[in-house]
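The primary structure of each chain is shown beneath.
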Amino acid sequence: MIEQFLGGRTASGIAASAEAAIRGGRLVPGARLPTIRLLATELGVSPMTVASAYRELARRGLVVAAGRRGTRVADRPPLPVRTRVTVPKGARDLASGNPDPRLLPPLNDALSRLDVSPEHYLDEGNLPALVELARAQFAADGIHSDSIAVIGGALDGVERVLQAHVRPGDIIAVEDPGFVRTFDLLRPLGLRLEPVGLDDAGPRPADLRRALDAGAKAVILTPRAQNPSGAALDEPRAAELREILTAWEDVLVIEDDHAAGVAGVPALTVCDATLPKWATVRSVSKSLGPDLRLAALAGDSTTVARVEGRQQIGTGWVSRILQRIVVAFWSDRSTARRITRTGHAYAERRTRLIDALAERGIVAHGRSGLNVYLPVSDEASVMAGLLQRGWAVAAMERWRIASGPAIRITTATLMPQEAEVLADDIASSLERRTATYSA
Ligand SMILES: Cc1ncc(COP(=O)(O)O)c(C=O)c1O
């Protein structure tokens, strides 16, 4: 009985008891809370007190109101609860979406060459060398780079840019299927998600228009290595989306280029420098390693100034030690060659599996990035079938809004000889073969 975890005589007391239960793992993500009436009776308080507690929990993103189905604990409440995919012992992990650690450049080499003399508190923490290297990379891809900020990863950038412009209650257009952690980030900010369907070339123009018509104040999109679908913009699509976005007054556009360097396709952008509010965030997580926690952000001068200004009064800057490591890698030719090879390796691993599936009559997606995306009719049964055969893959249930069921197979470490075996096992696990995905 969930009620036994909940107590208190006031709204804040009840909310605190729910928070403690979520933090302690007694109330797990997705768990249904008692109805307002039932809990009020149990605790001997008025329904208004319980309703106010639930509202407070919802405002903070700990619970979600699920209409007539009541209130449930958020899938990813902003508390340190374990929500990572747990891969059963002995199963081959194709679920977690990580880069192949063997393909990341060796940190020890870079560290041994570093000058890490102590720093004081700094007014201006960005290393000019890093900013210049980032600027050159953006410029090489035709991305306007007069204003650059250095932030703690792609998601940190997305959050900071949103906070610079949007307010709780605003509608944000997101890709569907889309990166679940982006969804998880938006909900506690009080933002409402509006899905934009995808195909292999990225967001569908008609869907983007519909989301903008629905009142979206911002659009978050992944120009390449879309997670989970692997979609990547091509020139015509980028131009079409750019035209829609430039015609739309005042919409904020955020590009999450989380797999820059190893996505396997060129960087295209929908951000025209004439857009009033835009940012392109480029992370080093996939090319140099997720623990570097660093990304560069290019954007219009107002957005970048707001992001930097807020950063300066909070964390201050991204550690210069991390910045120096990235400068060392970015200025090193052999690292550049290694990153190019890594991009090719990921492309080959993805394509091997997609081709092996195609030979078995199964259509899977993955134009770029670290994953292959496979629409299925029943996620749970395919997952179970694959697990029985020793493969752990990810169900997309939480990654989609209006799009259909699918599984995501991280191919970052998948060896060519494994691709054939996996394709056979997928074929056996599929109940019914589906070939399209759409919102
Ligand atoms: C679409 C997308 N955005 C952001 C991230 C996280 O990037 P970072 O480590 O730079 O925060 C990921 C990680 O897989 C991702 O898939």
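Trainee: Requested: an account of the site of the ligand, with residues and values cited.
Mentor: Neighbouring the ligand are Gly153, Ala154, Leu155, Phe179, Asn227, Asp256, His258, Ser283, Ser285, Lys286 and Arg293. Asp256 places a polar side-chain atom, nitrogen or oxygen, 2.5 Å from a nitrogen atom of the ligand. Contact distances for the ligand include 2.6 Å between an oxygen atom and a side-chain N or O atom of Ser283. Protein contact buries 93% of the 390 Å² of open area that the ligand shows by itself. Of the residues in the shell around the ligand, the class split is three nonpolar, five polar and three charged.

Trainee: Can you break down the sheet that holds strand 12 (residues 371-375) residue by residue, with the values?
Mentor: Taking strand neighbours across the sheet as the criterion, the three strands line up as 12-15-14 in an open arrangement whose pairing is antiparallel. The open sheet has two free edges, formed respectively by strand 12 and strand 14 (394-395), since each of these has just one partner strand. Note that strand 14 and strand 15 (residues 406-410) share two bridges and pair antiparallel. Following the sheet pairing, Ala395 is matched in strand 15 by Ile407.

Trainee: Help me get a handle on the pattern of salt bridges, residues and values and all.
Mentor: Should their charged atoms come close, side chains of opposite charge can pair. Following the criterion strictly, the structure yields 23 salt bridges and no others. Residues Asp100 and Arg349 are paired through a salt bridge, measuring 2.9 Å at the closest nitrogen-oxygen approach. Linking Asp100 in the loop between strand 3 (92-93) and helix 4 (107-112) with Arg349 in helix 12 (residues 333-359), this pair joins segments that are 249 residues apart in sequence. The residues Asp100 and Arg349 share a single accessibility class, namely buried. In this structure, Arg324 engages Glu119 in a salt bridge whose closest nitrogen and oxygen atoms are separated by 3.2 Å. Here Arg324, found in helix 11 (residues 320-330), pairs with Glu119, found in the loop between helix 4 and helix 5 (128-140); they are 205 residues apart in sequence, far enough to count as distant. For Glu119, a relative accessible area of 36% translates into the label partly exposed. Among the charged side chains, a salt-bridge network with shared partners connects Arg72, Asp75, Asp184 and Arg398.

Trainee: Could you give me a rundown of the side chain of Lys277, with the residues and numbers involved?
Mentor: Structurally, Lys277 is set in strand 10 (residues 277-283). At 3.3 Å, the side chain of Lys277 and the backbone oxygen of Asp250 are in polar contact. In this view, Lys277 contacts His165, Asp250, Val251, Leu252, Val253, Asp300 and Thr303; residues no more than four positions away in its chain are not counted.

Trainee: Mind laying out the environment of Ala232, listing which residues take part and the relevant values?
Mentor: If you trace the backbone, Ala232 turns up in the loop between strand 8 (216-221) and helix 9 (235-247). Residue Ala232 is classed as buried on the basis of its relative accessible area, which comes to 0%. As for Ala232 and Val45, which are separated by 187 residues in sequence, their C-alpha atoms are 54 Å apart. Look past the residues within four positions of Ala232 in its chain and what remains in contact with it is Asp200, Ala201, Gly202, Pro223, Arg224, Val265, Arg367 and Ser368.

Trainee: Outline the pairing of strand 11 (residues 295-299), listing residues and values.
Mentor: Strand 11 sits mainly inside the fold: five of its five residues count as buried. Residue alternation in strand 11 divides its side chains into two sets, Ala295, Leu297 and Gly299 and Ala296 and Ala298, and both sets are buried. Examined bridge by bridge, strand 4 (residues 147-151) and strand 11 share five bridges and lie antiparallel to one another. Opposite Ser147, over in strand 11, you have Gly299 as the bridge partner. For strand 10 and strand 11, the ladder comprises five bridges, and the chain directions are antiparallel. Residue pairing for strand 11: Val281 is matched across the bridge by Leu297.

Trainee: An account of the sheet that holds strand 6 (residues 192-199) is needed here, citing residue identities and associated values.
Mentor: The strand order across the open sheet formed by eight strands is 4-11-10-9-8-5-6-7, and the pairing between neighbours is mixed. At either end of the open sheet lies a strand with only one pairing partner, and these are strand 4 and strand 7 (202-203). Across six bridges, the pairing between strand 5 (residues 171-176) and strand 6 is parallel. In the strand pairing of strand 6, Ile171 is matched with Arg192. Along the sheet, helix 6 (residues 154-165) makes contact with strand 4, strand 5, strand 8, strand 9 (252-257), strand 10 and strand 11, crossing strand 9 at roughly 175°.

Trainee: An account of the packing of aromatic side chains is needed here, citing residue identities and associated values.
Mentor: Across all of its chains, the model carries two aromatic pairs by this definition. Plain terms: the ring middles of Tyr121 and Trp317 are 6.4 Å apart, the flat faces sit at 85° to each other, and that makes the pair edge-to-face. With Tyr121 in the loop between helix 4 and helix 5 and Trp317 in the loop between helix 10 (301-313) and helix 11, the pair connects residues that are 196 residues apart, well separated along the chain. Residue class for Tyr121 comes out exposed when judged on its relative accessible area of 79%.

Trainee: So what's going on with the environment of Pro80? Residues and values would help.
Mentor: The residue Pro80 is located in the loop between strand 2 (71-73) and strand 3 in this model. Through-space distance from the C-alpha of Pro80 to that of Arg23 is 6.8 Å; in sequence the pair is 57 residues apart.

Trainee: How would you sum up the packing of helix 5 against helix 11? Please name residues and give values.
Mentor: In contact at an axis separation of 9 Å, helix 5 and helix 11 are set at 50° when each is read in the N-to-C sense. The pairing of helix 5 with helix 11 is recorded here as oblique in orientation. Along this stretch, helix 5 crosses helix 11, giving a crossing that reads as left-handed. Contact with helix 5, carried on its side by Ala129, Leu130, Leu133, Ala134 and Gln137, involves Gln323, Val326, Val327 and Trp330 of helix 11 and no other residues of that element. A class-by-class count of the residues in the contact of helix 5 with helix 11 yields seven nonpolar, two polar and no charged.

Trainee: Could you give an account of helix 1 (residues 11-23), naming the residues involved and the relevant values?
Mentor: The terminal C-alpha atoms of helix 1 lie 18 Å apart, and with 13 residues this matches the ideal 18 Å at 1.5 Å per residue to within 8%. By the burial criterion, the buried members of helix 1 are Ala11, Ile14, Ala15, Ser17, Ala18, Glu19, Ala21 and Ile22. Against the buried residues of helix 1 lie helix 2 (36-43), helix 3 (47-59) and strand 2. Phi turns positive, to about 80°, at Gly25, one or two residues after helix 1.

About the criteria used
Residues numbered from 1 in each chain as written. Predicted model: local features only at pLDDT ≥ 70, side-chain atom pairs only at ≥ 80, totals over all residues. Heavy atoms only, no water. Near = heavy atom within 4 Å. Polar contact = N/O pair within 3.5 Å; in protein donor to acceptor, adjacent residues only side chain to side chain. Areas by Shrake-Rupley, 256 points an atom, 1.4 Å probe, with all protein chains shown as cover. Nonpolar A, V, L, I, M, F, W, Y, C, P; charged D, E, K, R; others polar. Pairing = 2+ DSSP bridges. Helix = DSSP H or I, 4+ residues; strand = E, 2+ residues; numbered from the N terminus. Salt bridge = Lys/Arg side-chain N within 4 Å of Asp/Glu carboxyl O. Buried < 20%, exposed > 50% of the residue type's maximum accessible area, 1.4 Å probe, protein only. Contact = heavy atoms within 4.5 Å. Axes fitted to C-alpha atoms, helices over the stretch in contact; angles between N-to-C directions. Phe/Tyr/Trp six-rings, centres within 6.5 Å; stacked < 30°, edge-to-face > 60°. Parallel < 35°, antiparallel > 145°, perpendicular 65-115°, else oblique. Left-handed = near helix turned anticlockwise from the far one by under 90°. Expected span 1.5 Å × (residues − 1).

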